[in-house]
Amino acid sequence: MFGLPKGSLEEPTIRLFQKAGWNIRKSSRSYKPSIDDSELDGRFVRSQEISRYVDHGFFDCGLCGYDWVVENESDVVEVCDLVYSRASNRPSYWVLAVPEASPIKQIKDLQGKRIATEVVGMTRKFLAKHGVEAEIEFSWGATEVKVPDMVDAIVDLTETGNSLRANKLRIVETLLKTNTKLIANKKSWEDPKKRAKIENIAMMLQAALSAEDKVGLKLNAPQDKLAAILEILPALRNPTVNHLSDENWTAVEVILEEKVVRDIIPQLKELGAEGIIEYPLNKVVY
């Protein structure tokens, strides 16, 4: 049984699985998807709950944020990191933030103050670690709008900090760096068949993520310019070089980051390369 995150991660997760080779289909009213793999049975639940269900054994494995593993104090196997989210493929951060004009400058200034957050347990432990006592209340969302009228500070999730700045908030401290993880139930992990399946899923999901910012490049290079051409190709590994029937020409194939292609292709052309082809990738397995 596989726990799939419902909510903001739902569509990115379906797209990631599709790129990795699995088609997940669900109706708008169903929490039980159809997966084109007879060995997989999935359920969509909130990411906040998945680690608990994995810990308790209802799910053999699942995808959820590391922050909820920490908040729920779940005893699970962390199989691998899968850094993706609704907005971007970057980690997020739980931060303590206050209004820009707030006199609160450091953790000890929170003594006796009121804080709103979704991660009450994490916040309580963080404050206790610093010897600070404060009133912590659970927030059901829209946490940023509660300061300064309702609370003195918030602990909220951010990727870039743009939303906090837009609401005229200032970050005082970072509590936790988090990203999506594939986690497994400890008993399921000890089962050789289930573990092999979970590891295969992990490999394919990681391969799909690794391919997202990379492309393949093929070209024909004049033999006398091959060394110069190879020098400017930032290959994932050493480029593949094959001899052509014309001994004066060589076929070169390489995988590289998509963002550098716009600068490299003109250089390749200047060096006499021909038949330059860029193509997308679905998976890259290291």
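Quantities reported herein were computed from a predicted structural model and do not represent experimental measurements. (Residues numbered from 1 in each chain as written. Predicted model: local features only at pLDDT ≥ 70, side-chain atom pairs only at ≥ 80, totals over all residues. Heavy atoms only, no water.)

Participant: Got a minute to help me understand the pattern of salt bridges in this structure?
Facilitator: Pairing is possible between side chains that carry opposite charge, provided their charged atoms lie close to one another. Going through the model one piece at a time under the given rule, you end up with 15 salt bridges. In this structure, Lys 26 engages Glu 10 in a salt bridge whose closest nitrogen and oxygen atoms are separated by 2.9 Å. With a gap of 16 residues between them, Lys 26 in the loop between β2 (24-25) and β3 (34-35) and Glu 10 in helix α1 (residues 10-20) connect regions that are remote in the sequence. The residue Asp 81 makes a salt bridge to Lys 181 at a minimum N-O spacing of 2.7 Å. Taken together, the residues span a long stretch of sequence, with Asp 81 in strand β6 (residues 77-82) and Lys 181 in strand β12 (residues 180-184) at a distance of 100 residues. Residue class for Asp 81 comes out partly exposed when judged on its relative accessible area of 39%. A relative accessible area of 10% means that Lys 181 is categorised as buried. The structure contains a network of salt bridges with shared partners spanning Lys 6, Glu 10 and Lys 26. (Salt bridge = Lys/Arg side-chain N within 4 Å of Asp/Glu carboxyl O. Helix = DSSP H or I, 4+ residues; strand = E, 2+ residues; numbered from the N terminus. Buried < 20%, exposed > 50% of the residue type's maximum accessible area, 1.4 Å probe, protein only.)

Participant: In this structure, what is going on with the packing of α1 against helix α7 (residues 192-210)? I would like to understand it.
Facilitator: Working note: a packed helix pair is described by the angle between its axes plus the distance between those axes. For the pair α1 and α7, the least separation of the axes is 8 Å and the interaxial angle reads 100 degrees. When the axis of α1 is compared with that of α7, the two are roughly perpendicular. Here Leu 16, Phe 17, Lys 19 and Ala 20 of α1 come into contact with α7, specifically with Ile 201, Met 204, Leu 205, Ala 208 and Leu 209. By residue class, the composition of the contact of α1 with α7 is eight nonpolar, no polar and one charged. (Axes fitted to C-alpha atoms, helices over the stretch in contact; angles between N-to-C directions. Parallel < 35°, antiparallel > 145°, perpendicular 65-115°, else oblique. Contact = heavy atoms within 4.5 Å. Nonpolar A, V, L, I, M, F, W, Y, C, P; charged D, E, K, R; others polar.)

Participant: Just to check I follow, could you spell out the nonpolar core for this structure?
Facilitator: Most often, soluble globular proteins keep nonpolar side chains buried together rather than apart. Phe 2, Phe 17, Leu 82 and Leu 182 are the most contacted members of the largest nonpolar core, which totals 27 residues. By residue number, the principal contributor to this core is α7, which donates six residues. What Leu 82 contacts, discounting residues up to four positions off in sequence, is Leu 63, Asn 179, Thr 180, Lys 181, Leu 182, Leu 205, Gln 206 and Leu 209. (Core = buried A, V, L, I, M, F, W, Y, C linked by side-chain atoms within 4.5 Å.)

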